[in-house]
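Residue-level listing of the chains:
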Amino acid sequence: MKKIAYLLFICLFAACSNDEEKAYLIGTDRETEAWLANGLVADAEATTIVLGIKHLPGRISTICHEDWIEISQHDPEVSPTTTDIVVKISSNDGWERRQATLTISTSEVARKVVITQRAKERMQPKDAVSYIGNEGGEFPVDLKANVPGEIKVSLSFDNDKEWLAFEGVILDHLNPQNPECGLHFKALPNNGTGRICVVKITAEGSKASTEFCIIQQPRQFNEEETINIENAGTLDVLLGSDINNIRNIRRVTLTGQMNGLDWTALRRFFYKGVAADPKPEEYPVVLDLADVVSVYGDRSYYHSYGYKSEDAEFIVSQDYEIPDYALEQCVNLMDIILPKTTIKIGNSALANNKNLKAISIPDNVEIIEYGAFQGCHELSHVDISDSSSLRRLGRYAFSGCGPIEFMNLPISLTDTDGGHLSIPIKEMKVHWPVPPELRVPPTVKEGGKLYVPKGSASLYRETAGWNRFPVIEEYE
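Residues numbered from 1 in each chain as written. Predicted model: local features only at pLDDT ≥ 70, side-chain atom pairs only at ≥ 80, totals over all residues. Heavy atoms only, no water.

**Q** How would you explain the overall build of the protein if you had to name every residue and give the values?
**A** When its secondary structure is counted, the protein shows six helices and 30 strands. In terms of C-alpha radius of gyration, the protein reaches 39 Å, well past the compact-globule figure of 23 Å for 476 residues. Principal axes of the C-alpha set define a box for the protein whose edges measure 150 × 55 × 40 Å. Each of the 476 residues in the protein was classed as buried or not, and the buried ones make up 46%. Considering only contacts within the protein whose residues lie at least 6 apart along the sequence, 58% involve residues at least 24 apart. Total accessible area computed for the protein in this model is approximately 24,500 Å², and 48% of it derives from carbon and sulfur atoms. Counting 47 positive and 68 negative side-chain charges, the protein places the centres of these two groups 4 Å from one another. (Helix = DSSP H or I, 4+ residues; strand = E, 2+ residues; numbered from the N terminus. Rg over C-alpha atoms; globule rule 2.2 N^0.38 Å. Buried < 20%, exposed > 50% of the residue type's maximum accessible area, 1.4 Å probe, protein only. Contact = heavy atoms within 4.5 Å. Areas by Shrake-Rupley, 256 points an atom, 1.4 Å probe, with all protein chains shown as cover. Lys, Arg positive; Asp, Glu negative; His and termini not counted. Charge placed at Lys NZ, Arg CZ, Asp CG, Glu CD.)

**Q** Lay out helix α2 (residues 30–38) in plain terms, naming residues and giving numbers.
**A** Every buried residue of α2 is accounted for by Thr 32, Trp 35 and Leu 36. Around the axis of α2, the buried residues are gathered within 95 degrees of arc, so they sit on the same side. In α2, the exposed positions that point more than 90 degrees away from the buried face belong to Arg 30, Glu 31, Ala 37 and Asn 38. The inward-facing, buried residues of α2 abut β1 (25–27), β2 (40–42), β3 (47–55), β7 (98–105) and β8 (110–117). The opening residue of α2, the one whose side-chain oxygen lies 3.2 Å from the backbone nitrogen of Glu 31, is Asp 29. (Arc of directions from axis to C-beta. Polar contact = N/O pair within 3.5 Å; in protein donor to acceptor, adjacent residues only side chain to side chain.)

**Q** Tell me about empty space enclosed by the protein, and name the residues and values.
**A** The method is simple in principle: a probe with the dimensions of a water molecule rolls over the atoms, and the space it marks as empty is what remains. This model, assessed by the stated rule, comprises one cavity of 30 Å³ or more. Of the volumes computed, that of the largest cavity is approximately 40 Å³. Considering the residues around the largest cavity, the lining is formed by Leu 393, Gly 394, Arg 395, Tyr 396, Ala 397, Phe 398, His 420, Leu 421, Ser 422 and Ile 423. For the lining of the largest cavity, the residue count by class is six nonpolar, three polar and one charged. (1 Å grid on protein atoms, 1.4 Å probe; cavity = no way out; pocket = protein on both sides within 12 Å on 5 of 7 lines; lining within 4 Å. Points joined across faces, edges and corners; volume = space filled by probe spheres on them. Nonpolar A, V, L, I, M, F, W, Y, C, P; charged D, E, K, R; others polar.)

**Q** So what's going on with the side chain of Thr 116? Which residues, and what values?
**A** Among the structural elements, Thr 116 can be located in strand β8. Residue classification places Thr 116 among the buried positions, given a relative accessible area of 9%. Non-local contacts of Thr 116, meaning those with residues more than four positions away in its chain, are made with Leu 40, Val 41, Ala 42, Arg 97, Arg 98 and Gln 99.

**Q** Explain the sheet that holds strand β5 (residues 69–74) to me, using residue names and the numbers behind them.
**A** Read across the open sheet, the four strands follow the order β1-β3-β6-β5; overall the sheet is antiparallel. Since the sheet does not close on itself, it has two edges, and those belong to β1 and β5, each with one partner. Going across the sheet, the axis of each strand differs from the next one's by a mean of 30 degrees, ignoring polarity. For β3 and strand β6 (residues 82–89), the ladder comprises eight bridges, and the chain directions are antiparallel. Considered in β6, the bridge of Val 50 is made with Val 86. Relative to the sheet, α2 contacts β1 and β3, its axis offset from that of β3 by approximately 95 degrees. (Pairing = 2+ DSSP bridges. Axes fitted to C-alpha atoms, helices over the stretch in contact; angles between N-to-C directions.)

Laid out in structure tokens, this is it:
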């Protein structure tokens, strides 16, 4: 009887020993074990998760074939039967959730962990700017959204007039498997210049939001138009994107403030004279900028609203400046009145305008930079008054013009850029009692006259460059 009992004990001990040595993979805590059993769910942001695994002594292996997951191991020194598996998950920038399978195994046992990463909740219109016609009416805007709650829309206008209404989401487009939907709007007809509405979209129960702009084209322009730029950086919206409509205008008067973006938009009126352009006489433009104030900057007034305009080609580096190259090679520019407040005319600002015949320099202008009017072959009348503030005339400012019938150089002019006066001229009036030294004198046409202060004629006749004028007369 004792022998039988002993044998039973030996068998029971052996069974217990085999159970203890049976291979296993379990979590070191309840949270890890729950992940092993039910899968792991991560938010859209990049994250790192550590899985503590208990196992028999020896190495364990991990396999995951998705490139958005990086797996590494760390074996704590405290126990040869514990391994930390470090799971690094990159951010999910897609529109839908994604899944991967992580396999954890030894030579005898394996467990699979399903990793699910949520997509970042977001909304994105098809276009950052949607243009609609001046006739108004109903229209959709395509929107991509993966938010769970109801979409909310708010509208902000550039003035007090509410010309646009949100009519709702086009439900036929909503599909849980497809983030595309449509927003339904209704606009009033536009009888003025172009206008803009900023649309802000939010969703109930979500932090996601987005903005886009709807621009309504202006009415059909007439041959003569006056456009007030109330805020600098808005002319591109006021003119609209329809070049053919803009080029209905033959004479445009602009008032208000203009920055670099507005000077860029102004180029929409003009051709550069390439072969595909119509002849300049088919589309002549007269530009009146007398009551414009050129101001520093190059951003859209609506930049803070999320409106992304075209990049400014011209930078106004200081107030009251016509920027460098702003109206260069506008072959259909027939006449221009410069802003009365102008202090500086930039490098080549109005160069190579082959149909420009006359220009009046405002009295406030202090600087005319390098090549400002260079290559204006038809420019023959330049009006600079005795009360002009002009103090610097850059080299080649009027090179290749005219010849100019008459030019007055005021007493305030003290800087001719190293004595460069390469001006084709018939008659010139100067106010210096003593003739300044010239490195490049004017190109004097046949019969040219020079008018000089009383008592200085002999000095001018004896000075190189100035003595090219065949007739030098004194004035009181």
